[in-house]
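Understanding the architecture of this molecule
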Amino acid sequence: MKDPESNRSHILWHLYHHGVSSRAQLAKALDLTPAAITKITAHLIETGIIEEVGDIQGSKRRRSIGLELKSQNFHVMGIKFARSLVQVGVFDLKGTRLSLTTLPPVDDDHISRTIDAIHRYVDDSLTHDRLIVAIGMAVPGPYLKDEGRAALISSMPHWRAINFRREFATESPVPVFIEQDARAGALAQRLFGGHETTDCLAYFLLGEGVGLGVVENGELIRGALGAATEIGHVSIDALNGRPCECGNTGCLERYCSAGAIHERVNELGIVDGSRNMGHAQACEALFALCNQVSPDQSGHDNTATGIGRSIYSDEIQEQARALVRDIGRYVGYGCVTICNTFNPSSIVLGDIAARGGRPLIEAAREIVNQRVVPEIARSTRITVSNLPTDAAVLGAAATAITEFLDHPSRFFDNDRSGPKHGGRAKEG
């Protein structure tokens, strides 16, 4: 026999994925008695989470009253921490973006300023949007869930001193849920990326760091400490590889993260001004250069491309394309590890380096075909995220939305009178 909270959750998830349904349809789909459905839905209607929406056609052409999740009446805030970048967005339960703000770039020596700015933004948002019921946070891994902090954040060591749980959840008037960024991205793909029926989904984050989130049969793989699926620190060249801040050598993160790509761009000198760019900007410049058509091919000058050159020689363009293919091969090595370790149905590439386009994807796929058992390689789909908003910030929201649907009773009595007014401390 399922407990009442589990039954409430199953009803909400069904309405979330299937839309308007009658009580009879819910009873049949969830194997519950009509009496149980009537009692549970009455409670959900009373709390304002679902509502009756008029007659719909039921079985045997009978008219039934439809029930619908009031998705637009509940908002969540998603906060993405990505070393030098922090984004804050507000979304409804269906992932519709209501606002998105990128805070000023984070300086490792002044992280406290960023923390203060986040508090101000959150307080202001909770004051002006009374529909916000929860906050989700996506933080770099490895994230130690029981301690509330990241064990390692490459290139930004001062982030390690921040205890996200103590800093943001302890006095929050709404529940706060914290997840490793790639796992949060996997939740976003599951909820909003068309992968709700995928039995094993891997989200391969290629941002300022490299991360992996895996959802199997609807559940995230976290590990004992919360440090599972840290693919960025899997060594692909243990003997002669580049040293990593984690203490290992040849870590994947040292070859296909935005920071590693920026290093290679600087070494090759193929993008004017790259040393003064941020990691994301340098990657975007590289990918733009890779896709440029030289004047002798197009018949006109490529002026004002935003990447510092008006005319590109074939040699420079080929260097750019070779670098993107090289990055793609390293992405492919990561995909090989993912295939052999988790055997997912689908690998979704996301974040900065995933914008490398077809050359990057083709190089990655070629490596997988060469190095993975044919049956597994053929059964694994590799795609680029199609989400309209960055998967990590949307994933932060998805973390909160998942908790809302899994444990709705947490939110029944969440009546706020203002930000940080002494409400309950809730955390993920």
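Just above, that's the structure.
Here we summarise the structure given alongside this text. The numbering scheme is per chain: residues are counted from 1 as the chain's sequence reads. Confidence filtering applies because this is a predicted model: local features only for residues at pLDDT of at least 70, side-chain atom pairs given and counted only at 80 or more, and all residues used for totals across whole chains, interfaces and linings. Each side-chain value is derived from all of the structure's non-hydrogen atoms; neither hydrogens nor water enter the calculation.

**Quick word on the overall build of the chain**
Helical segments are the DSSP runs of H or I of at least four residues, strand segments are the runs of E of at least two, and each set is numbered from the N terminus. A count of helices and strands for the chain gives 14 helices and 15 strands. Buried positions account for 54% of the 428 residues belonging to the chain. Contact between two residues is taken to exist if any of their heavy atoms lie within 4.5 Å; hydrogens are not considered. Sequence-distant contacts in the chain: of pairs separated by 6 or more residues, those separated by 24 or more amount to 62%. Under the convention used here, a 1.4 Å probe and the Shrake-Rupley method define accessible areas, while residue burial counts only the protein chains that appear. Here the chain has roughly 18800 Å² of accessible surface; of this, 48% comes from carbon and sulfur atoms. Residue exposure (1.4 Å probe, protein chains only): buried if accessible area is under 20% of the type maximum, exposed if over 50%, otherwise partly exposed.

**Some remarks on the pairing of strand E5 (residues 85-92)**
A large share of E5 lies buried, amounting to seven of its eight residues. The sheet contact formed by strand E4 (residues 75-82) and E5 spans eight bridges and is antiparallel. Bridge pairing in E5 places Val76 opposite Phe91. At least two bridges found by DSSP between two strands is the condition for calling them paired. Linking E4 back to E5 in an antiparallel pair, the connection comprises two residues, with Arg83 at a positive phi of about 60 degrees. In the sheet, E5 pairs with strand E6 (residues 97-102) via five bridges, with the strands oriented antiparallel. Residue pairing for E6: Val88 is matched across the bridge by Thr101. Connecting the antiparallel pair E5 and E6 is a turn made up of four residues, with Gly95 showing a positive phi of about 85 degrees.

**Comments concerning the environment of Leu126**
Summarising the element assignment, Leu126 is placed in helix H4 (residues 111-128). The class for Leu126 is buried, based on a relative accessible area of 1%. Each C-alpha atom of the pair Leu126 and Val174 lies 8.9 Å from the other, and the pair is 48 residues apart in sequence.

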